[in-house]
Amino acid sequence: MKPLIVTFPLSLMFFFSCGSGHPDKRVTAENAYEGVNKYCHDVYDWSAANENPSIMNVEMGAESDSAYEVVFRSYTGATVHFYVDKKTGNTRIVEKVPVLNIENETGTIDLLDYLEKKEKLESK
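Rules behind the numbers
Residues numbered from 1 in each chain as written. Predicted model: local features only at pLDDT ≥ 70, side-chain atom pairs only at ≥ 80, totals over all residues. Heavy atoms only, no water. Helix = DSSP H or I, 4+ residues; strand = E, 2+ residues; numbered from the N terminus. Contact = heavy atoms within 4.5 Å. Areas by Shrake-Rupley, 256 points an atom, 1.4 Å probe, with all protein chains shown as cover. Salt bridge = Lys/Arg side-chain N within 4 Å of Asp/Glu carboxyl O. Buried < 20%, exposed > 50% of the residue type's maximum accessible area, 1.4 Å probe, protein only. Pairing = 2+ DSSP bridges. Axes fitted to C-alpha atoms, helices over the stretch in contact; angles between N-to-C directions.

Asker: In this structure, what is going on with the overall build of the protein? I would like to understand it.
Answerer: Of regular secondary structure, the protein possesses 2 helices and 7 strands. Along the protein, helices and strands appear, N-terminal first, in the series α-β-α-β-β-β-β-β-β. When contacts within the protein are restricted to residue pairs at least 6 apart in sequence, long-range pairs at least 24 apart make up 36% of them. Surface summary for the protein: the accessible area is close to 8,500 Å², and the carbon and sulfur share equals 55%.

In structure tokens form, the structure reads like this:
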């Protein structure tokens, strides 16, 4: 009976320490900015900014314990806020038009789809 008492707890410790076999990874602020910037250049028409680049940009916003905010500013005055989950890269998109007092959640993306494999995550 003694081997079972010792073996079972050791087996549990081994099982939980192995997890998925991948080290804990986190999205960095740099990853969040780079991924959103690539997404915005793929999705939005930047031709209006050819003559005046300052009318459109991507910049870091606020940071919480669980997410980074990255903000795209359009030449129209609208902003698109990307809330990037630090652990998963799942990104919630919220469009805001301050002049009209409009705010709409428009979907989600996987930020990791917009990063190169070697740059996707940094070890915690």
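Asker: I tried to follow the pattern of salt bridges on my own but got confused; where do I start?
Answerer: Side chains that differ in charge, positive against negative, can pair when their charged atoms come close. For the structure shown, the criterion picks out 4 salt bridges. Across the salt bridge formed by Lys38 and Glu34, the nearest N and O atoms sit 3.1 Å from each other. Of this pair, Lys38 and Glu34 both sit in helix α2 (residues 29-43), 4 residues apart, which is roughly one turn of that helix. Among the ionic pairs, Arg73 bridges to Glu59, the shortest N-O distance being 3.0 Å. In this pair, Arg73 is assigned in strand β3 (residues 67-73) and Glu59 in strand β2 (residues 57-63), connecting sequence segments 14 residues apart. A residue is classified by how much of its surface remains accessible, and Arg73, at 35% relative accessible area, is partly exposed.

Asker: Is there a simple way to think about the sheet that holds strand β6 (residues 102-110) in this case?
Answerer: The 5 strands lie next to each other as β2-β3-β4-β5-β6, forming an open sheet whose pairing is antiparallel. Edge positions in the open sheet fall to β2 and β6, since each of these has one partner strand only. Averaged over neighbouring strand pairs, the angle between their axes works out to 25 degrees when direction is ignored. Pairing between strand β4 (residues 79-85) and strand β5 (residues 90-97): 6 bridges, direction antiparallel. Bridge assignment links Tyr83 to a residue of β5, and that residue is Arg92. Each of β2, β3, β4, β5 and β6 is contacted by α2, which is oriented at about 145 degrees to β2, the strand it contacts most.

Asker: Could you clarify how one ought to interpret the pairing of β5 in this entry?
Answerer: Count of turn residues in the β4/β5 antiparallel hairpin: 4 residues, of which Gly89 carries a positive phi of about 85 degrees. Pairing of β5 with β6 involves 8 bridges; the strand directions are antiparallel. Across the sheet, the residue bridging to Val97 is Ile102, located in β6. Remark: 4 residues form the turn of the hairpin made by β5 and β6, two consecutive strands paired antiparallel; Asn101 in that turn has positive phi of roughly 55 degrees.

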